[in-house]
Amino acid sequence: MKNTVSKSPIDVYIKIVLLSLLLVWSFYIVKPFVTLIVWSIILAVALHPFYEKLLKITKGKKKGLVTSVFILILVALIIIPTINLTSSVIDSGREFYQSFDEGTLKVPPPAVAVKEWPLIGENIYGAWSSASADLENFIVKYKDEISDSLGWLFSSFAGLMGSVALGMFALIIAGVFMSSADAGYQSGVRFVNRLSSGKGDEFMLMCVSTIRSVVKGILLVAIIQAALSYLGFVIIGLPGASLFALLVLVFAIVQIPALLAMIPAIAIVFSYADTTPAIIFTIYIILVAISDNFLKPMLLGKGLETPMLVILIGALGGMMLQGILGLFIGPVVLALVYQLYSTWVGEASVEDNAEPIAKE
């Protein structure tokens, strides 16, 4: 029987055009869900080891029920702190507005020690004293700065709530992905093998390891810093402890020094607490702020062949390009490029070493 597949250039071009059209069309159909799907894949990869341990404990029985319970627990772990944080923000805002409206809102005077802070002490002491003496004039004088700061705070909070909602939906889809993880992994291996023969397992393992490394080295470190900060804020009796802990979490995730979010908290503590507890609190908070210097190297590059510097640059660059999602996509893309480069250079080196032998 003759092969009826046409090798005519026109037929080939028509097939390429039709295939391209289908791919572009499919992309625009799924475009509204791309972010959700990518988040779901990242969560599935990051959470799969815990899911596997749970399946082993239950000996693989009633897999669907185990998956559902696992996802419900994770969603609850997101919803409960979110509800507490939201109620805290609403209550704090309501109290602030009532106090201001009734004329009872007062700013405590700064401690003299604030003036001795290096570089910024004099300016902070002056502005703080002005707010303490006459709050209304202070608000009028710094109206634009206060308006910009409040706008940034509310927009950040709204963005955080949107991310929380997205995360809950992504967790549900991630549960579906985790229940069929083996089939998905093998499909990815076959796809990569089509692009680069024999590299499927290697590249897929690298992607999985990179995502888990970023989760541990950036997100986990940020959560640890925020939790330890919140503990210190609560013990010292800091007003709005949850809000300051949230700032620490956001700063740590976006790789801004967490100490910048802690400085206002330290200043407030010095305004009402005794000197000794305030100093102990400051030392504790500074230790929490610099803890990422030894936690991140321990967790970020653990179990990876890709250098930690490549992962860190990928995380920072990806986040600047695509926001929080880029925090995970950036390292994976950069790690793939690094791996391709290493393979290409390694093959060239082997060929160069083999040439003299071939000539002999």
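Above this text is the structure in question.
Nothing here was measured: the structure is a model prediction, and the numbers come from that model.

A. Focus on the environment of Pro239. For Pro239, the location among the structural elements is in the loop between helix 8 (200–236) and helix 9 (241–253). Given the relative accessible area of 52%, Pro239 is considered exposed. Placed 30 residues apart in sequence, Pro239 and Val269 show a C-alpha to C-alpha distance of 9.2 Å. Discounting chain neighbours no more than four positions away, the residues touching Pro239 are Phe244, Ile268 and Tyr272.

B. Spotlight on a nonpolar patch on the surface. Nonpolar side chains collect at one region of the surface, where Ile10, Ile14, Leu18, Leu21, Leu22, Val24, Trp25, Phe27, Tyr28, Ile29 and Val30 lie side by side and expose about 1,100 Å² of accessible area between them. Mapped onto the elements, Tyr28 comes out in helix 1 (residues 9–30). Among the residues examined, Tyr28 registers a relative accessible area of 54% and is labelled exposed.

C. Broad picture of the nonpolar core. Core analysis: the biggest nonpolar cluster contains 24 residues, and Trp39, Ile42, Ile211, Val214, Ile218, Leu327 and Phe328 have the highest contact counts within it. Going through the elements one at a time, helix 2 (34–57), helix 8, helix 9, helix 13 (308–322) and helix 14 (326–359) are the ones with two or more residues in this core. Looking at which element gives the most residues to this core, the answer is helix 8, with 8 residues. For Ile42, the residues in contact, after removing those within four places along its chain, are Ile211, Leu325 and Phe328. The next biggest cluster of nonpolar side chains, apart from the first, holds 20 residues, and it includes Phe233, Leu238, Ala265 and Ala289.

D. Main features of the environment of Ile263. By secondary structure assignment, the location of Ile263 is in helix 10 (residues 259–272). Taking the C-alpha atoms as reference points, Ile263 and Ile286, 23 residues apart in sequence, are found 9.4 Å from one another.

E. Geometry of the packing of aromatic side chains. Per the counting criterion, the structure on display carries 4 aromatic pairs. A centroid spacing of 5.6 Å and a plane angle of 75 degrees characterise the contact between Phe27 and Tyr28, whose relative ring orientation is edge-to-face. Of the residues examined, Phe27 reaches a relative accessible area of 42% and is grouped as partly exposed. Measuring from ring centre to ring centre gives 6.0 Å for Phe233 and Phe281, while their planes differ by 50 degrees; the resulting arrangement is tilted. Of this pair, Phe233 sits in helix 8 while Phe281 sits in helix 11 (residues 275–290), placing them 48 residues apart in sequence. Exposure class is identical for Phe233 and Phe281. Each is buried. Ring pairing ties together the aromatic residues Phe233, Phe244 and Phe281, which thus form one cluster.

F. Quick peek at the packing of helix 2 against helix 8. Helix 8 packs onto helix 2 with a crossing angle of 80 degrees between their chain directions and a minimal axis gap of 9 Å. Regarding the angle of helix 2 to helix 8, the classification is roughly perpendicular. Side by side, helix 2 and helix 8 meet where Ile42, Val45, Ala46, His48 and Pro49 of the first sit next to Val208, Ile211, Arg212 and Val215 of the second. In terms of residue class, the contact of helix 2 with helix 8 is built from 7 nonpolar, 1 polar and 1 charged.

Calculation criteria
- For every chain, the first residue of its written sequence is number 1, and the numbers climb from 1 along that sequence.
- It should be noted that, the model being predicted, local features are given only for residues of pLDDT at least 70 and side-chain atom pairs only at 80 or more, the latter also being counted only at that level, while totals for whole chains, interfaces and linings use all residues.
- Computation of side-chain values: all heavy atoms of the structure, hydrogens and water removed.
- Each helix is a run of DSSP H or I of at least 4 residues and each strand a run of E of at least 2, with the numbering of both proceeding from the N terminus.
- When a residue's accessible area, from a 1.4 Å probe over protein chains only, is under 20% of the maximum for its type it is buried; when over 50% it is exposed; and in between it is partly exposed.
- Only heavy atoms matter for contacts: two residues are in contact if any of them lie within 4.5 Å across the pair.
- Patches here are clusters of residues that have more than 30% relative accessible area and form no salt bridge, with a 9 Å joining cutoff for like charges and a 5 Å cutoff for nonpolar side chains (Val, Leu, Ile, Met, Phe, Trp, Tyr).
- Accessibility throughout is a Shrake-Rupley quantity obtained with a 1.4 Å probe, and a residue counts as covered only by protein chains that appear here.
- Only one rule defines a salt bridge in this text: a Lys or Arg side-chain nitrogen within 4 Å of an Asp or Glu carboxyl oxygen.
- Here, nonpolar core means buried Ala, Val, Leu, Ile, Met, Phe, Trp, Tyr and Cys residues that are tied together by side-chain atoms lying within 4.5 Å of each other.
- Between 30 and 60 degrees the pair is tilted, below 30 it is stacked and above 60 it is edge-to-face, where a pair is any two Phe, Tyr or Trp rings, Trp via its six-membered ring, whose centres lie within 6.5 Å.
- Every axis corresponds to a line fitted to the C-alpha atoms, with the helix fit spanning only the stretch in contact, and the corresponding angles, defined between N-to-C directions, vary from 0 to 180 degrees.
- The scheme is simple: roughly parallel for angles under 35 degrees, roughly antiparallel for over 145, roughly perpendicular for 65 to 115, oblique for anything else.
- Any residue that is not Ala, Val, Leu, Ile, Met, Phe, Trp, Tyr, Cys, Pro, Asp, Glu, Lys or Arg is counted as polar, Gly included; the first ten are nonpolar and the last four charged.

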